[in-house]
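# Results of the structural survey
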Amino acid sequence: MTDSFEKSIPSPVSRFVQVVCNECGNRMTVFDSAKTTVRCSVCGAVVAKPTGGKSIIYAKKEKVLE
Ligand SMILES: [Zn+2]
């Protein structure tokens, strides 16, 4: 058997971002390229919306997690 799974898969530039909700200050982690709308688990405010690629993040970005 030949191992054809070399490192040819392009690594996505997606990351997890720690954000703070604009409405209630809840801190949470969202995926940079989420495919669904992300809402704050506390107040329900929209935190991130999907686009074709990266999400639009509406909350305040605190830091990017590697
Ligand atoms: Zn909130």
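Please refer to the structure higher up on the page.
Note that this is a predicted model, so its numbers are computed, not measured. (Residues numbered from 1 in each chain as written. Predicted model: local features only at pLDDT ≥ 70, side-chain atom pairs only at ≥ 80, totals over all residues.)

## Side note on the nonpolar core
In this structure, Val17, Val19, Cys21, Val38, Cys40, Val47, Ala48 and Ala59 together form the largest nonpolar core, which totals eight residues. Among the secondary structure elements, those contributing two or more residues to this core are β1 (16-20) and β4 (46-49). When neighbours within four sequence positions are excluded, Cys21 is seen to be in contact with Asn26, Cys40, Val42, Cys43, Ala45, Val47 and Ala59. (Core = buried A, V, L, I, M, F, W, Y, C linked by C-beta atoms within 7 Å. Buried ≥ 20, exposed ≤ 12 C-beta atoms within 10 Å, placed from the backbone. Helix = DSSP H or I, 4+ residues; strand = E, 2+ residues; numbered from the N terminus. Contact = placed C-beta atoms within 7 Å.)

## What about the sheet that holds β4?
Pairing between sheet strands relies on hydrogen bonds along the backbone, with the strands arranged either parallel or antiparallel. Read across the open sheet, the three strands follow the order β3-β4-β5; overall the sheet is antiparallel. Each edge of the open sheet carries a strand with a single partner, namely β3 (38-39) and β5 (56-57). Relative to β5, β4 runs antiparallel, the two being bridged by two bridges. Bridging across to β5, Lys49 finds its partner in Ile56. (Pairing = 2+ DSSP bridges.)

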